[in-house]
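In case you want the letters, here they are:
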Amino acid sequence: MSDTPVIGVLALQGDVREHLIALASADALARPVRRPEELAEVDGLVIPGGESTTMSKLAVLFGMLEPLRERVRAGMPVYGTCAGMILLADKILDPRSGQETVGGIDMIVRRNAFGRQNESFEAAVEVDGIAGGPVEGVFIRAPWVESVGAAADVIAEHGGHIVAVRQGNALATSFHPELTGDHRVHALFVDMVRAVG
């Protein structure tokens, strides 16, 4: 891998464009990923926000769920925001019928924990490993992490709830940093991808 890693954004649903912009501003070559052959060409992957049940069903439909699981198990760096965090959880509290996850982070996640769409909010969040003060987090029907296993590190909390977790090459946030113009979380992820290369 060169100094410019190729990072995909899972483009089945959600705010794909904003992640592509944030990754490009953090010096990655960013591209949408919809098919297994596109997944095979990237060094890392962002799973964006959206609707987690719909995303898991589309991943099955597009033949992406098993290839995603295999790449994550094999150590491909992956970053999930909001619904992406839910998809990276090994366990979901109250999953919808037929909802599956990619897994990769030993955590239990509660869907829509911060409330409905009209209860969305922004908050300053201190994230371990990110210098320069708090990150502005946008919480939209956001999940939170109920608990983590021994392998996972809690890197941010808000209001007494876990909102960011890292386990090895996997990173997850409840909030959407791609919507703020502050690309430090994406820069952290790009550095994680470079470290693997």
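Keep in mind that what you see is a predicted model, and the values were worked out from it rather than measured.

Draft legend 1. Expanded view of helix H3 (residues 52-61). Considered for burial, the residues of H3 that qualify are Ser-52, Thr-53, Met-55, Ser-56 and Ala-59. The buried side chains of H3 occupy one side of the element, clustering within an arc of 165° when seen end-on. Packed against the buried residues of H3 are strand E3 (44-47), helix H4 (65-73) and helix H5 (83-88). Here H3 starts with a cap whose side-chain oxygen sits 3.2 Å from the backbone nitrogen of Thr-53, and that cap is Glu-51. Just past H3, the residue Gly-63 takes up positive phi, approximately 70°.

Draft legend 2. Molecular detail of unusual backbone geometry. Although it is not a glycine, Cys-82 sits at a positive phi angle of roughly 55°. With respect to the helices and strands, Cys-82 occurs in the loop between strand E4 (78-81) and H5. Of the residues examined, Cys-82 reaches a relative accessible area of 4% and is grouped as buried.

Draft legend 3. Spatial organisation of the environment of Gly-98. In this structure, Gly-98 sits in the loop between strand E5 (89-93) and strand E6 (105-110). Spatially, the C-alpha atoms of Gly-98 and Lys-57 are 7.8 Å apart, while their sequence positions differ by 41 residues.

Draft legend 4. Structural view of the pattern of salt bridges. For the structure on display, the rule yields nine salt bridges. A salt bridge links Glu-100 to Arg-69, with the shortest nitrogen-to-oxygen separation between them at 3.1 Å. Of this pair, Glu-100 sits in the loop between E5 and E6 while Arg-69 sits in helix H4, placing them 31 residues apart in sequence. Of the charged contacts in the structure, one is a salt bridge between Glu-146 and Arg-110, with a shortest N-O distance of 2.6 Å. Linking Glu-146 in strand E9 (residues 144-148) with Arg-110 in strand E6, this pair joins segments that are 36 residues apart in sequence.

Thresholds applied
Residues numbered from 1 in each chain as written. Predicted model: local features only at pLDDT ≥ 70, side-chain atom pairs only at ≥ 80, totals over all residues. Heavy atoms only, no water. Buried < 20%, exposed > 50% of the residue type's maximum accessible area, 1.4 Å probe, protein only. Helix = DSSP H or I, 4+ residues; strand = E, 2+ residues; numbered from the N terminus. Arc of directions from axis to C-beta. Contact = heavy atoms within 4.5 Å. Polar contact = N/O pair within 3.5 Å; in protein donor to acceptor, adjacent residues only side chain to side chain. Salt bridge = Lys/Arg side-chain N within 4 Å of Asp/Glu carboxyl O.

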